[in-house]
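# A closer look at the structure
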Amino acid sequence: MTGQSGRTGSGGEVPALEGGPLLGAFLELRADSLATFLRARRDHGDLVRISAGPPGLRTELYCVFSAEGAQRVLASEAANFRKDSTFYQEIRDSFGNGLLTSQDEDYLRQRRLVQPLFTRKRVDGYAAAVASETAATLESWSEAVDGIVDVSGEMTHLALRAVARILFGTDVDTTVDVVDRCFPVITEYVVRRGYSPANIPRAWPTPGNRRAAAAMEEMYAVCDRIVARRRATAGAEGEGEDGSEDAGGDLLTLLAAAGSAAGSTGAGDGSFDVAELRDQVLIFLLAGHETTATSLAFSLHLLARHPEEQARAREEIVRVLGGRDPEAADLERLPYLTRVLKEAMRLYPAAPVIGRKAVAATEIGGRRIPAGADVILAPWVTHRHPDYWSDPERFDPDRFTPEAEAGRPRYAWFPFGGGPRACIGQHFSMLESVIALAMVLRAYEFEAVDTEVPVAAGITLRPTGPVRVRIRPTGVPAPAPDAPGA
């Protein structure tokens with residue numbers, strides 16, 4: 001490849017994005033980190049150093065924007081890049097030491113215990129729950145004032161209910177109410193502390209600390225109550241008589257029984273205790289609904305702005321599904337809808353920024369990254385890199401035909417991360433998103449009300465305001481309640 005990536009050359013210092021003498025680029029990053037990273041790549045190439053914070057507390061960020069660099073950080077040299085940043089520590093302190101945040105032996109043990117619960121066959125069994133929650137959402141839209149809905153809020157609620165139902169079974173309503181109330185408080189607290197050059201101790205009784213502590217206490221209490229009930233019944237539920245994967249049981253029941261399912265490799269290594277179960281649940285709730293909600297909302301936003309692509313997706317959906325709800329096997333039968341989703345995830349990756357810390361010095365693009373450096377990957381930037389994407393701001397689902405994908409570097413598109421720590425739930429996210437999009441697009445036509453949607457990078461990518469669309473029923477009959485797949 002040629003272009004901007006060639007500017008990093010070999011030898012010499014890493015190019016720096018100039019900031020102010022007192023705070024460096026801190027104010028620019030706080031105001032709009034995504035635009036700052038785009039400007040850094042445009043002006044300085046694929047490896048850029050950004051200084052942020054006051055003297056004595058200044059952070060040096062080494063920003064890697066090339067696909068080749070992302071592959072080295074996430075995959076080929078993954079052991080050299082750890083989740084030791086301040087931001088990840090704030091997530092640990094608030095949401096626990098689950099799969100997203102754990103490291104070393106903790107992570108390997110957790111992954112071994114959880115992996116059997118995320119096989120394709122197991123995940124495909126969640127399709128009916130996703131379809132049921134989507135149908136309930138669509139039914140509520142019949143009362144939309146002036147036919148306008150905020151797809152950001154609606155998809156967040158849908159994704160949260162779907163993941164809560166799969167995690168908790170019958171405990172959905174209580175859990176959703178608490179998450180709706182507590183998660184925004186906790187995530188805002190994490191983001192504020194994660195991007196600050198210095199923080200006061202969490203134990204100090206400031207208003208912000210007290211609000212966050214109260215939200216965490218309420219969230220933990222709900223999870224602990226449900227976990228206690230599931231642990232009491234884990235031996236009797238969650239597996240069929242033959243122990244097969246298509247047995248019943250919500251995901252928490254299966255997590256509580258994960259030790260016996262995965263086998264023990266030593267004392268204290270064969271199952272999750274109460275605190276560990278809570279940590280996994282909190283991380284699954286966080287990662288399992290916010291990321292999918294972002295992908296769904298922006299898929300609908302983009303289709304509302306591009307009626308030809310919307311019509312093409314709907315034609316495929318009606319032709320493939322006829323008068324039934326989608327099932328897991330339909331993912332392969334809806335290739336254009338899947339390409340729409342992938343293109344939305346390119347333009348609006350749910351994890352727009354990924355942080356690591358270098359253990360040892362290394363070189364990327366011929367430039368040296370020192371040991372101990374904070375390293376930033378930015379899918380938001382790499383997904384717009386002109387070396388990999390022509391006219392990168394244009395919405396074009398056909399970028400993801402098999403032929404087009406084969407012609408790009410593996411890490412030109414990495415919304416689920418990659419390497420040994422790739423998202424364990426990526427098949428579930430794709431399953432949920434395709435099923436929900438298929439049902440929504442079959443039921444309604446969309447016209448954009450908010451044509452431009454500002455976004456911000458927190459734990460996940462979020463719009464900073466509503467994402468409103470005007471809906472009109474398509475007239476395509478919905479499946480009868482007793483129809484196959486309904």
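Residues numbered from 1 in each chain as written. Predicted model: local features only at pLDDT ≥ 70, side-chain atom pairs only at ≥ 80, totals over all residues. Heavy atoms only, no water.

### Topic: the pairing of strand 10 (residues 444-448)
Because side chains alternate across strand 10, one face comprises the buried residues Y444, F446 and A448, and the other comprises E445 and E447, none of which is buried. Where strand 10 lies against strand 13 (residues 468-473), five bridges are found, and the strand directions are antiparallel. Opposite A448, over in strand 13, you have V469 as the bridge partner. (Buried < 20%, exposed > 50% of the residue type's maximum accessible area, 1.4 Å probe, protein only. Helix = DSSP H or I, 4+ residues; strand = E, 2+ residues; numbered from the N terminus. Pairing = 2+ DSSP bridges.)

### Quick notes on unusual backbone geometry
The phi dihedral of D104 falls on the positive side, at around 55°, and the residue is not glycine. In the Ramachandran plot, D391 falls in the positive-phi region, its phi being about 45° despite a non-glycine side chain. In this structure D391 comes out as partly exposed when scored by relative accessible area, which is 47%.

### As for the packing of helix 3 (residues 86-95) against helix 8 (residues 172-194)
Running from amino to carboxyl end, helix 3 crosses helix 8 at an angle of 150°, the nearest separation of the two axes being 8 Å. As summarised for this structure, helix 3 and helix 8 are arranged roughly antiparallel, according to the angle between their axes. When you trace helix 3 past helix 8, the crossing you get is right-handed. Contacts from T86, F87, E90, I91, S94 and F95 of helix 3 reach helix 8 at F183, I186, T187, Y189, V190, V191, R193 and G194. Along the lines of polarity and charge, the residues of the contact of helix 3 with helix 8 split into eight nonpolar, four polar and two charged. (Axes fitted to C-alpha atoms, helices over the stretch in contact; angles between N-to-C directions. Parallel < 35°, antiparallel > 145°, perpendicular 65-115°, else oblique. Left-handed = near helix turned anticlockwise from the far one by under 90°. Contact = heavy atoms within 4.5 Å. Nonpolar A, V, L, I, M, F, W, Y, C, P; charged D, E, K, R; others polar.)

### Structural notes on helix 1 (residues 26-44)
The end-to-end C-alpha distance of helix 1, which contains 19 residues, comes to just 18 Å, noticeably less than the 27 Å that a straight helix rising 1.5 Å per residue would cover. Along helix 1, the largest kink reaches about 120° and is centred on D32. When helix 1 is considered as a whole, its buried residues turn out to be F26, L29, S33, L34, T36, F37, A40 and R41. Count one or two residues on from helix 1 and you reach G45, which has phi positive near 100°. (Expected span 1.5 Å × (residues − 1). Bend = angle between axes of the 7 residues up to and from the residue.)

### Describing the packing of aromatic side chains
With the rule as written, the count across this model stands at 11 aromatic pairs. Measuring from ring centre to ring centre gives 6.1 Å for Y411 and F414, while their planes differ by 55°; the resulting arrangement is tilted. Since its relative accessible area comes to 4%, Y411 is described here as buried. Among the residues examined, F414 registers a relative accessible area of 1% and is labelled buried. Put simply, the rings of W141, Y444 and F446 touch in pairs and so form one group of aromatic residues. The ring of W380 has R384 sitting right over it, with the charged end atom 3.8 Å from the ring centre. (Phe/Tyr/Trp six-rings, centres within 6.5 Å; stacked < 30°, edge-to-face > 60°. Lys NZ or Arg CZ within 6 Å of the ring centre and 35° of its normal.)

### Focus on the environment of H301
Within the secondary structure, H301 sits in helix 12 (residues 274-305). In this structure the C-alpha to C-alpha distance between H301 and F446, which are 145 residues apart in sequence, comes to 8.4 Å. Excluding residues that lie within four positions of it along the chain, H301 makes contacts with Y348, D450, T451, V453 and V467.

### Structural notes on the environment of K342
Positionally, K342 belongs in helix 14 (residues 335-347). Separated by 57 residues in the primary sequence, K342 and R399 have C-alpha atoms spaced 9.0 Å apart. In contact with K342, not counting residues within four places along its chain, are F400, E405, W413 and M430. At 3.3 Å, the side chain of K342 forms a polar contact with the side chain of E405. (Polar contact = N/O pair within 3.5 Å; in protein donor to acceptor, adjacent residues only side chain to side chain.)

### Let's talk about the sheet that holds strand 3 (residues 59-64)
Spatially, the six strands line up as an open sheet ordered 1-2-3-9-6-4, and their pairing is mixed. The open sheet has two edge strands, strand 1 (16-17) and strand 4 (81-82), and neither has a second partner. Here six bridges tie strand 2 (residues 47-52) to strand 3, and the two strands are oriented antiparallel to one another. Across the sheet, residue V48 finds its bridge partner in strand 3, namely C63. Its contacts with the sheet put helix 2 (residues 67-76) on strand 3, strand 4, strand 6 (354-358) and strand 9 (374-377), and the angle it makes with strand 9 is roughly 125°.

### Observations regarding the sheet that holds strand 10
Each strand in a sheet pairs with its neighbour through backbone hydrogen bonds, running either in the same direction (parallel) or in the opposite one (antiparallel). On the basis of which strands lie adjacent, the open sheet formed by three strands has the order 5-13-10 and antiparallel pairing. Among the strands making up the open sheet, the edge pair consists of strand 5 (148-150) and strand 10. Across the sheet, the mean angle from the axis of one strand to that of its neighbour is 40°, orientation sign disregarded.

### Here's the deal with the pairing of strand 3
Joining the antiparallel neighbours strand 2 and strand 3 is a turn of six residues, in which G53 adopts a positive phi near 110°. For strand 3 and strand 9, the ladder comprises four bridges, and the chain directions are parallel. Note on strand 9: the bridge partner recorded for V64 is L377.

### Details of the side chain of T156
Tracing the chain through its elements places T156 in helix 7 (residues 151-168). Among the residues examined, T156 registers a relative accessible area of 15% and is labelled buried. There is a polar contact of 2.8 Å between the side chain of T156 and the backbone oxygen of S152. Side-chain polar atoms of T156 contact the side chain of R462, separated by 2.9 Å. For T156, the contacting residues outside a window of four places in its chain are H289, A293 and R462.

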